Amino acid sequence: MQDLSRRSAGFTDSVIRRMTRISMKYDAVNLSQGFPDFDPPALITRRLAEIADSGPHQYSITWGAQNFREALAEKLSRFMGRYIEPESEIVVTCGSTEAMMAAMLTVANPGDKVIVFSPFYENYGADAILSGAEPVYVALKPPDFCFDPGDLETAFKMRPKALILCNPSNPTGKVFTREELEVIAFLAEKYDSYIITDEVYEHIVYAPHKHIYISSIPGMADRTLSCSSLSKTYSITGWRLGYITAPACIIETARKVHDFLTVGAAAPLQEAAVSMLRIGDEYYERLLAEYTERRDIFVKGLDDLKIPHTDPEGAYYIMLDISEYGYESDLVFCEDMARLVGVGAVPGSSFFREPVNHLIRIHFAKKKDTLIEALNRLEGMRKKMTRNNTAE
Ligand code: GLN
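In this report, the structure presented in the accompanying data block is examined. (Residues numbered from 1 in each chain as written. Predicted model: local features only at pLDDT ≥ 70, side-chain atom pairs only at ≥ 80, totals over all residues. Heavy atoms only, no water.)

A look at the sheet that holds strand β4 (residues 134–139)
How we decide: Two strands qualify as a pair provided that DSSP identifies no fewer than 2 bridges between them. The secondary structure listing takes helices from DSSP runs of H or I that are at least 4 residues long and strands from runs of E that are at least 2 residues long, numbered from the N terminus. Here an axis means a line fitted to C-alpha atoms, over the contact stretch when the element is a helix, while the angle between two N-to-C directions is reported on a 0 to 180 degree scale. Whether two residues are in contact is decided by their heavy atoms, any of which lying within 4.5 Å being enough.
Overall, mixed pairing links the seven strands, which are arranged β2-β8-β7-β6-β5-β3-β4 in an open sheet. Strands at the two margins of the open sheet, each flanked by one partner only, are β2 (90–94) and β4. Shown here is a sheet whose adjacent strand axes are inclined to one another by a mean of 25°, direction ignored. Here four bridges tie strand β6 (residues 194–198) to strand β7 (residues 224–229), and the two strands are oriented parallel to one another. Opposite Ile195, over in β7, you have Thr224 as the bridge partner. Its contacts with the sheet place helix α8 (residues 178–190) against β3 (113–118), β5 (162–166) and β6, and it is angled at close to 165° to β5.

Some details on the site of the ligand
Cut-off, in case you're wondering: Here, proximity means that at least one heavy atom of the residue falls within 4 Å of the molecule or strand. Pairs of N or O atoms within 3.5 Å make up the polar contacts considered here, provided that, within protein, one atom can donate a hydrogen while the other can accept it, and that residues adjacent in sequence are counted only when both atoms are side-chain atoms. All accessible-area figures derive from a Shrake-Rupley calculation using a 1.4 Å probe, and residue coverage is judged against the displayed protein chains alone. Asp, Glu, Lys and Arg are counted as charged, while Ala, Val, Leu, Ile, Met, Phe, Trp, Tyr, Cys and Pro are counted as nonpolar; the rest, among them Gly, fall into the polar class.
Residues in contact with the ligand, as listed here, are Ile16, Arg17, Gln33, Gly34, Tyr121, Asn170, Tyr201, Lys232, Tyr317 and Arg361. In this structure, Arg17 approaches the ligand through a side-chain N or O atom, which is 2.6 Å from an oxygen atom. Residue Arg361 places a side-chain N or O atom 2.7 Å away from an oxygen atom belonging to the ligand. Protein chains shield 88% of the accessible area of the ligand, which is 300 Å² for the free molecule. Residues of the shell around the ligand, tallied by class, amount to four nonpolar, three polar and three charged.

Side note on helix α13 (residues 368–378)
Our working rule: The rule is simple: take the accessible area with a 1.4 Å probe, protein chains only, and divide by the maximum for that residue type; under 20% is buried, over 50% is exposed, in between is partly exposed. The directions from the helix axis to the C-beta atoms form the arc being described.
Of all the positions in α13, only Thr370, Leu371, Ala374, Leu375 and Leu378 are classed as buried. Relative to the axis of α13, the buried residues are bounded by an arc of 135° and lie together on one face.

Looking at the packing of helix α4 (residues 66–80) against helix α10 (residues 267–277)
Selection rule: Comment on the angle field: the value is read as roughly parallel under 35 degrees, roughly antiparallel over 145, roughly perpendicular from 65 to 115, and oblique elsewhere. Handedness of a helix crossing follows the sense of rotation of the near helix relative to the far helix, less than a right angle counterclockwise being left-handed and clockwise being right-handed.
Running from amino to carboxyl end, α4 crosses α10 at an angle of 25°, the nearest separation of the two axes being 9 Å. Comparing the axis directions of α4 and α10 gives the class roughly parallel. Note that α4 runs across α10; the crossing there is left-handed. Only Gln270, Glu271, Ala273, Val274 and Leu277 of α10 make contact with α4, whose side of the interface consists of Asn67, Phe68, Ala71, Leu72 and Lys75. Among the residues making up the contact of α4 with α10, the classes are represented as six nonpolar, two polar and two charged.

Considering a nonpolar patch on the surface
Using the following cut-off: Distance thresholds for patches are 9 Å for like charges and 5 Å for nonpolar side chains (Val, Leu, Ile, Met, Phe, Trp, Tyr), applied to residues having over 30% relative accessible area and no salt bridge. By definition here, a salt bridge exists when the distance from a side-chain nitrogen of Lys or Arg to a carboxyl oxygen of Asp or Glu is within 4 Å.
Together, Phe11, Ile129 and Leu130 give the surface a local cluster of nonpolar side chains, amounting to about 220 Å² of exposed area. Mapping Phe11 onto the fold places it in the loop between α1 (6–9) and α2 (15–25).

Side note on the packing of helix α3 (residues 42–54) against α10
Two measures define how a pair of helices packs: the angle their axes make with one another and the distance between the axes. Where α3 contacts α10, the axes come no closer than 8 Å and their chain directions differ by 140°. Classified by the interaxial angle, the pair formed by α3 and α10 is oblique. Here the hand of the crossing between α3 and α10 comes out right-handed. Judged by residue contacts, Leu43, Ile44, Arg47, Leu48 and Ile51 of α3 engage Pro268, Leu269, Glu271, Ala272, Ala273, Ser275 and Met276 from α10. Along the lines of polarity and charge, the residues of the contact of α3 with α10 split into nine nonpolar, one polar and two charged.

Points about the packing of aromatic side chains
Using the following cut-off: Ring pairs are drawn from Phe, Tyr and Trp, using the six-membered ring of Trp, whenever the two centres fall within 6.5 Å, and their geometry is named by plane angle: stacked under 30 degrees, edge-to-face over 60, tilted for the rest. We count a charge as sitting over a ring when the NZ of a lysine or the CZ of an arginine lies within 6 Å of the ring centre and within 35 degrees of the ring normal.
Within the structure shown, the criterion is met by 19 aromatic pairs. Judged by centre distance (6.2 Å) and plane angle (65°), the rings of Tyr234 and Tyr284 are edge-to-face. You can see Tyr234 sitting in the loop between β7 and β8 (241–245) and its partner Tyr284 sitting in helix α11 (residues 281–304), a full 50 residues away along the chain. Considered together, Tyr234 and Tyr284 belong to a single accessibility category, that of buried residues. Plain terms: the ring middles of Tyr327 and Phe333 are 5.0 Å apart, the flat faces sit at 85° to each other, and that makes the pair edge-to-face. Classification of Tyr327 as buried rests on a relative accessible area of 10%. In textbook terms, an aromatic cluster arises when at least three aromatic residues are bridged by ring pairs, as seen for Phe38, Tyr201, Tyr291, Tyr316 and Tyr317. Note that Arg295 overlies the ring of Tyr206, its terminal NZ or CZ placed 4.5 Å from the centroid. Here the basic side chain of Lys366 rests over the ring of Phe35, its NZ or CZ set 4.3 Å away from the ring centre.

Nothing here speaks to function; it is geometry throughout.
What follows is the structure, encoded as structure tokens:
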């Protein structure tokens, strides 16, 4: 038999999703793969029940149902601060995972360079492999995860086709400041690069931090492919509804890529989400208030247990410093932690390009009771993990 593709040989499985399977095996509280254990708003689930009878059940227009795009364009125009044209500036995708892949395939030729900040969400590595692009990594340095503008310019001097920007950032919880975005924008313009964003946590940004769409920085709307999804904002990660918004001349190509990748996002789910996209600002305020409460409970719990951690400015991830346990492998640490402590986490090394193995990522998109149960289990961590490691 001939070998399978060289492209796929470069992949490992997703460590995030592997940690979910390991958590299930040990009946651990799964704080690895980031998704909520609470229900989506009743508005959207009731609407979905009606649609089971009324339809639609057949394909929507490949780049997104008309009413979905119109509702989405209204919402985006409101939050992004510029008019988004539903006919020509949006393509609806199967989650932002497809949006990012389609954006990369729209922009990059095999061999092109693409700047990726490290640590980064693991899909960007796979996106680069699949599109044939070569990632150029720029470090976001712990503990505050700022980049060195000199390092960034060095990367831009390699004439990248695009820069990938995850803001608010997974896994660090960093929210890029206006000054940082202006540095990126200046260099993107100077070196004529596109920007591909992943902004799925756009509505989960803790005060006093603010989410600024890089497409709103002067000059950037023309060169930005803004990718996001409904998953995190409406607690429907399983619905796989995402989108790219960009100038019409870019979307024209992105639609073709999307069409041949997946034909379209699920028609009944698009229909069910329309009313949600039209909801007022109070929904987003409540969402943030609830996430702020979850973050506060979790951060306080970790502080009480004297577990060193990062301070999330946005998104719902927190990184714990596990230096004190002396593990060489953070993957082994996470496996032991799921088994012995009963809490699932993701090893930080799966996000970092640099040899970092003293951080693990956990998330707090969970009900209060789940978070308290996790904190109760974490209380035993120091004893169980230290003993385990020194015994071996
Ligand atoms: N974005 C989520 C995370 O980082 C979920 C990833 C996934 O499995 N799609 O955990």
